[in-house]
Amino acid sequence: MVKRRLKRAGLPLLFSNYSFRATGITTFLEDGCQLETAQRIAGHVDDRTTKGYDQRATRLKLSEIVRTRFHDYVLLPALLHVDTRIKLAGLVG
């Protein structure tokens, strides 16, 4: 379903169900919620599974990226997080 919708939106097929799950868990944890709660919501038996979806350590913020013309055209699109690209494409709220 995800691949079909990405194709229909004209987006590269770089995203998957994993992308949405990782974004949801990461955002949940960024908002100050507990790992144990995220684990229960995701239906994970082992907290190591939930930790595997947590992307806070690798997530870049726009404020951390120095913007130049080169970045705007080459690096910036590649560095934006998955959920930002999806929101820009209008696939989610």
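On a predicted model such as this, the values are computed, not experimentally measured, just so you know.

Concerning the pattern of salt bridges
- Counted by the stated rule, this structure contains 3 salt bridges.
- When the shortest N-O distance is used, the salt bridge between Asp47 and Lys51 registers 3.5 Å. Of this pair, Asp47 and Lys51 both sit in helix 4 (residues 47–53), 4 residues apart, which is roughly one turn of the helix.
- Lys51 gets classed as partly exposed once you look at its relative accessible area, which sits at 47%.
- Here Arg56 and Asp54 are joined by a salt bridge, their closest N and O atoms 2.7 Å apart.
- Given a relative accessible area of 23%, Asp54 falls into the partly exposed group.

Observations concerning the environment of Thr49
- On the secondary structure map, Thr49 appears in helix 4.
- Judged by relative accessible area, Thr49 falls into the partly exposed class, the value being 37%.
- Considered as a pair, Thr49 and Gln39 are 10 residues apart in the sequence and their alpha carbons are 8.1 Å apart.

A short note on the packing of aromatic side chains
- Evaluation of the coordinates by the stated rule reveals 1 aromatic pair.
- We note Arg21 situated over the ring of Tyr53; from NZ or CZ to the ring centre the distance is 5.5 Å.

Thoughts on the nonpolar core
- Ranked by size, the top nonpolar core spans 7 residues in total: Ala22, Ile25, Leu29, Leu35, Ala38, Ala42 and Tyr53.
- At the level of secondary structure, the elements contributing two or more residues to this core comprise helix 2 (17–30) and helix 3 (35–42).
- Those residues in contact with Ala22, other than ones at most four positions away along the chain, are Tyr53 and Gln55.

Some words on helix 2
- Between its first and last C-alpha, helix 2 extends 20 Å over 14 residues, near the 20 Å set by a 1.5 Å rise per residue.
- Among the residues of helix 2, those classed as buried are Ser19, Ala22, Thr23, Ile25, Thr26 and Leu29.
- Looking at where helix 2 begins, the residue whose side-chain oxygen comes 3.2 Å from the main-chain nitrogen of Tyr18 is Ser16.
- A positive phi of about 95° marks Gly32, the residue just after helix 2.

Comments concerning the confidence of the model for the protein chain
- Looking at the protein chain as a whole, its pLDDT mean stands at 77, while 66% of the residues score no less than 70.
- Within the protein chain, helix 3 carries the highest mean pLDDT (95), whereas helix 6 (residues 82–89) carries the lowest (50).

What counts as what
- Think of each chain on its own: its residues are numbered from 1, step by step along the sequence as written.
- In view of the model being predicted, local features appear only for residues whose pLDDT reaches at least 70, and side-chain atom pairs are presented and counted only at 80 or more, with totals across whole chains, interfaces and linings using the full set of residues.
- Note that water and hydrogens are dropped before the side-chain values are worked out from all heavy atoms of the structure.
- Each salt bridge in this description consists of a side-chain nitrogen of Lys or Arg and a carboxyl oxygen of Asp or Glu lying within 4 Å of one another.
- The helix count covers DSSP runs of H or I at least four residues long, the strand count covers runs of E at least two residues long, and both are numbered beginning at the N terminus.
- To sort residues, take the accessible area from a 1.4 Å probe on protein chains only and compare it with the maximum for the residue type: under 20% means buried, over 50% means exposed, and anything in between is partly exposed.
- Classification of ring pairs rests on two measures: the distance between centres of Phe, Tyr or Trp rings, Trp counted by its six-membered ring, which must be within 6.5 Å, and the angle between planes, read as stacked under 30 degrees, edge-to-face over 60 and tilted in between.
- The rule is short: NZ of Lys or CZ of Arg within 6 Å of the ring centre and within 35 degrees of the ring normal puts a charge over the ring.
- Among the buried residues, those of types Ala, Val, Leu, Ile, Met, Phe, Trp, Tyr and Cys that are joined through side-chain atoms within 4.5 Å form a nonpolar core.
- Throughout, a contact is declared for two residues whenever any of their heavy atoms are within 4.5 Å.
- Multiplying 1.5 Å by the helix residue count minus one yields the expected span of that helix.
- Think of a polar contact as two N or O atoms within 3.5 Å of one another; within protein, one of them needs to be a possible hydrogen donor and the other a possible acceptor, and neighboring residues in sequence only count if both atoms come from side chains.
- The pLDDT score gives, residue by residue, the confidence of the prediction method on a 0 to 100 scale.

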